[in-house]
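# Observations on the three-dimensional arrangement
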Amino acid sequence: MANYYSDHPEIEFHLNHPLMKRIVELKEKNYVDAQTYADAPVDYDDAIENYKRTLDIAGDIAANIIEPNSEAVDLEGPHLENGRMKYASKTYENLDATRKAGLWGISMPRRYGGLNIPNIVFSMLSEVVSAADAGFQNVWSLQSCIDTLYEFGSEEQRAKYIPRVCAGETMSMDLTEPDAGSDLQRVMLKATQDSDGTWRLNGVKRFITNGDSDIHLVLARSEAGTHDGRGLSMFIYDKHNGGVTVRHIENKLGIHGSPTCELVFKNAKAELCGSTRLGLIKYVMALMNGARLGIAAQSVGVEQEAYNEALAYAKERAQFGKKIITFPAVYDMLSRMKAKLDAGRSMLYQTARYVDLYKALEDISRDRKLEPAERQEMKRYQRLADAFTPLAKGMNSEYASQNAYDAISIHGGSGFIMEYKCQRLYRDARIFSIYEGTTQLQVVAAIRYVTNGTYLAIMQEMLEQAQPSDEMKPLMARIEGLVKLYSDAVDTVKQAGNNELHDFLARRLYDMTADIIMSLLIVDDASRCSELFAKSANVYVRMAEEECVGHHCYIKHFDASDLVNFRAQDDNSGETQA
């Protein structure tokens, strides 16, 4: 019987990474829960076995319940009844299956009913669920919003809400408004207090994923007269209290199982989460980083499924007396799809490991003062997580669209027919590089690490610490050459001293950064397991070389005076040029 976890040994490979022992040690706090909870691990090996069992259960449900339901969910979608959102009927079956399997409250401590599973394993679970149905992955993975409540809410709020999520209640994060998309500083949903101190929310939220969920985290303007991020706070809204109706459900291109709602708040009772004025500055940033990693995992799941569909079709489809998988034009596409998948997955899981390490230390700091070495460790991994997150989200979301596009190409005319899954994967994937911060915003988030030398230092450290196998040493030498080109390209842009030029060329520097770091990661994977990753390493490094050499050439030969040819408007008239 199919299993979306065990059918792909590449996932389990990442459970054996050298950083896993430290992650588990910190997450389990030296296994003290084993004294109180029967299901808590007693040592590292026991913890890893727990993770594998959880992944195996999720893989079984994904392959044999969620995926078979996916087409029906795509066709039916959610609908509106008397101001309430109703999921597609098969979505309720998916929710029931994941609840009965205990796949909720994944990251939460056991004292609240959670599984205390690290973020990397949650990312693996998200990937597996997304491969089955990316729309349902949204509904299920938004349980991770509880991490923000756990981190910034009061103990009373934790005890009140976390067990409910662990039991399977759904969540959403209500950020976007009609006039505040990427620019969240413009959020105007009003938060006011009654005379008894009760908070009330009034206004409209738009494009809210899973918007009629049970528990919401809401960004609202608590400080009257303010117009920027400093006047915003985070609130907890409980659907049971009423006061919010669904005005509209968007009719979307893809991810039909994931309802995208417009919400109307009318004196909705809410609780302040954390302190006032920190909603955007602190809490949403934490919420968004977690969401971006979730989209990276969602993207990898679709990358995998698109590759699976394309490979299976290419093996069966014959033209001119041959299976099309034997044609260079086809196996070139397939090899690139697999290389992007393997390198993108490696980037996702490396980022998740960095998040786990600093978040676990941060959690420990709530119970005791960290030792100086622990504090330095926390700061180091937080910097790495912050630097890697925009690469993991941006690149994987682009790769998902590219893999889905190529899957249709390999199917030929059949790929354009609605009965084939690849068209749905293509429709689903298109949103990944848009929501939770477009790829352009990931570039904005990453570019400071380009110009301040952070990424170059990471590359150099990875090169110094690399232990490539003999088979991988030629590829490592090629990557070293790319790092030199990268350093030269960065210096060229910095020395130009032109902000517009800097912003214009930022995407090319971002792509070079990700290409090189993912090349280093996939070569490391191939050095540890040639059987799984050698082919992808060879293909990916060549792809990176092709792209980095081209970007370097473009940057070196680009002059600020050339920008006039690219501007959409004439500087003098303000009229759009033809």
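Look above for the structure.
A short tour of the structure in this document, coming up. Quick caveat, the model's predicted, so the values are computed rather than measured.

Cut-off values and rules
- Residues numbered from 1 in each chain as written.
- Predicted model: local features only at pLDDT ≥ 70, side-chain atom pairs only at ≥ 80, totals over all residues.
- Heavy atoms only, no water.
- Helix = DSSP H or I, 4+ residues; strand = E, 2+ residues; numbered from the N terminus.
- Rg over C-alpha atoms; globule rule 2.2 N^0.38 Å.
- Buried < 20%, exposed > 50% of the residue type's maximum accessible area, 1.4 Å probe, protein only.
- Contact = heavy atoms within 4.5 Å.
- Areas by Shrake-Rupley, 256 points an atom, 1.4 Å probe, with all protein chains shown as cover.
- Lys, Arg positive; Asp, Glu negative; His and termini not counted.
- Charge placed at Lys NZ, Arg CZ, Asp CG, Glu CD.
- Phe/Tyr/Trp six-rings, centres within 6.5 Å; stacked < 30°, edge-to-face > 60°.
- Lys NZ or Arg CZ within 6 Å of the ring centre and 35° of its normal.
- Expected span 1.5 Å × (residues − 1).
- Arc of directions from axis to C-beta.
- Polar contact = N/O pair within 3.5 Å; in protein donor to acceptor, adjacent residues only side chain to side chain.
- Patch = residues over 30% accessible without salt bridge, like charges linked within 9 Å, V, L, I, M, F, W, Y side chains within 5 Å.
- Salt bridge = Lys/Arg side-chain N within 4 Å of Asp/Glu carboxyl O.
- Core = buried A, V, L, I, M, F, W, Y, C linked by side-chain atoms within 4.5 Å.
- Axes fitted to C-alpha atoms, helices over the stretch in contact; angles between N-to-C directions.
- Parallel < 35°, antiparallel > 145°, perpendicular 65-115°, else oblique.
- Nonpolar A, V, L, I, M, F, W, Y, C, P; charged D, E, K, R; others polar.
- Disulfide = S-S within 2.5 Å.

## Let's talk about the overall build of the chain
When you go through the chain residue by residue, the secondary structure sums to 17 helices and 11 strands. Over its C-alpha trace the chain gives a radius of gyration of 24 Å, about what one expects of a compact globule, namely 25 Å for 578 residues. Residues counted as buried form 56% of the 578 residues belonging to the chain. Of the contacts made within the chain by residues no fewer than 6 positions apart, 75% connect residues no fewer than 24 positions apart. A total of about 24,300 Å² of accessible surface is found on the chain, and carbon and sulfur atoms cover 50% of it. Across the chain, the mean location of the 65 positive side-chain charges is 2 Å away from that of the 82 negative side-chain charges.

## Notes on the packing of aromatic side chains
Under the criterion given, the structure shown has 17 aromatic pairs. Considering the side-chain rings of phenylalanine 122 and tryptophan 140, the 5.3 Å spacing of their centres and the 20 degrees angle between planes classify their relative orientation as stacked. Taken together, the residues phenylalanine 122 in helix α5 (residues 119-132) and tryptophan 140 in helix α6 (residues 134-141) connect sequence positions 18 residues apart. Aromatic pair phenylalanine 152 and tyrosine 283: ring centres 4.5 Å apart, planes at 40 degrees, arrangement tilted. Separated by 131 residues along the polypeptide, phenylalanine 152 in helix α7 (residues 146-152) and tyrosine 283 in helix α9 (residues 279-316) bring together distant segments of the chain. The same class applies to phenylalanine 152 as to tyrosine 283, namely buried. An aromatic cluster is defined as three or more aromatic residues linked by ring pairs; in this entry it consists of Phe504, Tyr554, Phe558 and Phe566. If you follow arginine 99 out to its NZ or CZ, it ends over the ring of tryptophan 104, 5.9 Å from the centre.

## A closer look at unusual backbone geometry
One non-glycine residue, lysine 29, lies in positive phi territory at about 50 degrees. Its place among the elements puts lysine 29 in the loop between α2 (20-27) and α3 (44-76). Under the relative-accessibility criterion, lysine 29 is labelled partly exposed at 26%. Although it is not a glycine, glutamate 436 adopts a positive phi angle of roughly 60 degrees. The topology assignment puts glutamate 436 in the loop between α12 (421-429) and α13 (439-451).

## Some details on helix α4 (residues 89-100)
Taking 1.5 Å as the rise per residue, α4 with 12 residues should run 16 Å; its terminal C-alpha atoms sit 17 Å apart, in good agreement. Looking at α4, one finds that the buried residues are Thr91, Asn94, Leu95, Ala97 and Thr98. All buried residues of α4 project into a common sector of 165 degrees when viewed along the axis, lining one side. Buried residues along α4 sit in contact with α3 and α6. Of the residues trailing α4, glycine 102 is marked for its positive phi of about 75 degrees.

## A short note on the environment of arginine 430
By secondary structure assignment, the location of arginine 430 is in the loop between α12 and α13. Residue arginine 430 is classed as partly exposed on the basis of its relative accessible area of 41%. Sequence separation of arginine 430 and proline 78 is 352 residues, and the distance between their C-alpha atoms is 19 Å. Not counting the four nearest positions on each side in its chain, arginine 430 is found in contact with Leu253 and Ser401. Side chain to side chain, arginine 430 and serine 433 meet in a polar contact 3.0 Å long.

## Observations concerning a positive patch on the surface
Together, Lys369, Arg375, Lys379 and Arg383 give the surface a local cluster of positive charge. With respect to the helices and strands, the residue arginine 375 is situated in helix α11 (residues 372-411). Judged by its relative accessible area of 33%, arginine 375 falls in the partly exposed class.

## Some remarks on α12
The element α12 is largely enclosed, with a buried count of eight among its nine residues. Regarding α12, the residues found buried are Lys421, Cys422, Gln423, Arg424, Leu425, Arg427, Asp428 and Ala429. On its buried face, α12 sits against α3, α6, α9 and α11.

## A look at the nonpolar core
Core analysis: the biggest nonpolar cluster contains 158 residues, and Leu201, Tyr455 and Ile517 have the highest contact counts within it. Sorting elements by how many residues they give to this core places helix α10 (residues 328-364) first, with 17 residues. Not counting chain neighbours up to four residues away, the residues in contact with tyrosine 455 comprise Ala387, Pro390, Leu391, Ala446, Tyr449, Val450, Tyr486, Thr513 and Ile517. With 31 residues, the next largest nonpolar core counts Val187, Leu232, Ile236 and Leu280 among its residues.

## Thoughts on the packing of α11 against helix α16 (residues 499-528)
Packing of α11 against α16 leaves a shortest axis separation of 10 Å and a crossing angle of 95 degrees. Between α11 and α16, the interaxial angle falls into the category roughly perpendicular. Contacts from Phe388, Pro390, Leu391, Gly394, Met395, Glu398 and Tyr399 of α11 reach α16 at Arg507, Tyr510, Asp511, Thr513, Ala514, Asp515, Ile517 and Met518. A per-class count over the contact of α11 with α16 returns nine nonpolar, two polar and four charged.

## Examining the state of the cysteines
According to the stated counting rule, one finds zero disulfides in the structure shown. For the unlinked cysteine cysteine 261, the closest cysteine sulfur is that of cysteine 145, found at 14 Å. Using a relative accessible area of 0% as the deciding quantity, one classes cysteine 261 as buried.

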